[in-house]
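Below are the chains, spelled out letter by letter.
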Amino acid sequence: MARAKIALIGAGMIGGTLAHIAAREELGDVVLFDIFEGTAKGKALDLSEAAPVFGKDSKLVGTSSYADIAGADVCIITAGFPRKPGMDRSELIGKNLGVIKQVAEGIKEHAPKAFVICITNPLDAMVWALQKFSGLQPRKVVGMAGVLDSARFRYFLADEFQCSVEDVHASVLGGHGDTMVPLTRYSTVNGVPLPDLIKMKWTTQDRVDAIVERTRKGGGEIVGLLGNGSAFYAPAESAIEMAKSYLRDKKRILPCAVRLSGQIAGVRGLYVGAPAMIGARGVEKVMNIRLKADEREMFMKSVAAVEKIIADCQEMEPSLK
Ligand code: APR
């Protein structure tokens with residue numbers, strides 16, 4: 001059977017880490033694409049030279065030509081610019097929207113059957129624009145945010161309980177970052193929900209609230225520590241989890257930015273984080289979670305934040321209206 005082909009659009013910090021994981025796990029052959037051809041080619045060659053040491057046979061190539069992504073099974077997009085000090089939000093949106101438009105056209109022309117995972121920020125609006133620009137089926141275009149947000153939440157909870165991260169599950173909804181909605185009643189240790197763990201005195205409501213807040217600001221905490229750049233290991237691992245579920249038809253239920261059609265709080269046509277089944281057909285199902293009043297309020301706040309960025313995008317790019 002032919003190997004899967006994985007196109008990584010953007011060969012920066014996350015792109016390089018994605019290539020490393022994909023090669024080590026022999027997920028498929030990897031094409032690293034970047035406007036800086038040397039970056040893409042250099043990372044592909046460095047990893048190819050590492051492959052004999054870790055003993056895996058994935059082929060890696062670097063390129064700045066979209067023709068090389070032809071027939072890719074999966075495309076993971078990290079192309080774009082980070083927010084620099086002094087850059088305002090709309091400047092960042094404008095720059096990354098232009099990048100996403102180019103990427104969408106490249107994928108539409110050369111890899112229209114791919115499962116596309118977007119990581120570029122501001123995530124929920126960029127993945128929405130990517131689907132619009134490319135015209136690909138919404139079930140084949142998703143955004144990576146929830147797996148990362150829930151991984152951060154899980155790590156902080158495991159640290160609080162001093163237990164294995166493997167036994168902690170966390171459920172999150174909504175937009176990426178500040179407006180993320182943690183579903184504490186669906187977040188568990190060995191199946192026991194957080195509200196019960198509070199009653200069992202494993203923790204307190206205040207400590208859970210602080211963990212939720214830290215999770216929401218998780219990206220910023222890393223940016224502050226690194227001083228130059230943003231998180232890359234956890235975002236890359238998270239996107240690989242999604243790619244694997246598609247390539248191996250695992251039907252994992254993962255929180256992803258998906259285009260809703262009324263499953264949660266009646267929201268339609270927007271990309272927002274929700275638990276989705278990822279299998280060989282892409283997004284095969286979105287869990288229609290019934291929200292309680294306070295959760296719904298937080299979710300709608302998150303939806304409003306995503307809508308606002310989309311309105312900015314539409315102003316900059318009238319073709320998105
Ligand atoms: N086409 C292809 N690649 C591009 C383009 C473009 N039009 N514009 C920029 N790039 C490339 C840059 O050359 C750079 O190598 O995208 C890469 C981005 O890499 P980094 O700056 O290292 O950013 P990274 O940390 O990988 O994050 C990428 O993910 O989490 C989000 O906010 C983050 O939007 C950012 C993205």
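Bear in mind that the values here come from a model prediction, so they are computed numbers and not experimental data. (Residues numbered from 1 in each chain as written. Predicted model: local features only at pLDDT ≥ 70, side-chain atom pairs only at ≥ 80, totals over all residues. Heavy atoms only, no water.)

Focus: the overall build of the chain
When its secondary structure is counted, the chain shows 10 helices and 14 strands. Over its C-alpha atoms the chain spans a radius of gyration of 19 Å, differing by no more than 12% from the 20 Å that the globule rule assigns to 321 residues. Reported as C-alpha extents along the three principal axes, the dimensions of the chain are approximately 55 × 50 × 40 Å. Scored against the burial criterion, the 321 residues of the chain give a buried share of 51%. Put simply, 69% of the contacts in the chain that link residues at least 6 apart link residues at least 24 apart. Of the roughly 15200 Å² of accessible surface on the chain, 52% is carried by carbon and sulfur atoms. Here the chain holds 41 positive side-chain charges and 37 negative ones, and the gap between their average locations is 5 Å. (Helix = DSSP H or I, 4+ residues; strand = E, 2+ residues; numbered from the N terminus. Rg over C-alpha atoms; globule rule 2.2 N^0.38 Å. Buried < 20%, exposed > 50% of the residue type's maximum accessible area, 1.4 Å probe, protein only. Contact = heavy atoms within 4.5 Å. Areas by Shrake-Rupley, 256 points an atom, 1.4 Å probe, with all protein chains shown as cover. Lys, Arg positive; Asp, Glu negative; His and termini not counted. Charge placed at Lys NZ, Arg CZ, Asp CG, Glu CD.)

Overview of empty space enclosed by the protein
If a probe as big as a water molecule is rolled over the atoms, it shows which places are left empty. Summed over the entire model, instances satisfying the criterion amount to 1 cavity of 30 Å³ or more. There is about 50 Å³ of room inside the largest cavity. Ala145, Gly146, Asp149, Val172, Leu173, Gly174, Gly175, Met180, Pro255, Gly273 and Ala274 together form the lining of the largest cavity. (1 Å grid on protein atoms, 1.4 Å probe; cavity = no way out; pocket = protein on both sides within 12 Å on 5 of 7 lines; lining within 4 Å. Points joined across faces, edges and corners; volume = space filled by probe spheres on them.)

Some remarks on the pairing of strand S14 (residues 282-286)
Within a regular strand, the side chains alternate between the two sheet faces. Burial runs high along S14: 4 of the 5 residues are buried. Note that strand S13 (residues 268-279) and S14 share 4 bridges and pair antiparallel. When the bridges of S14 are listed, Ala276 appears paired with Val286. What sits between the antiparallel neighbours S13 and S14 is a turn of 2 residues. (Pairing = 2+ DSSP bridges.)

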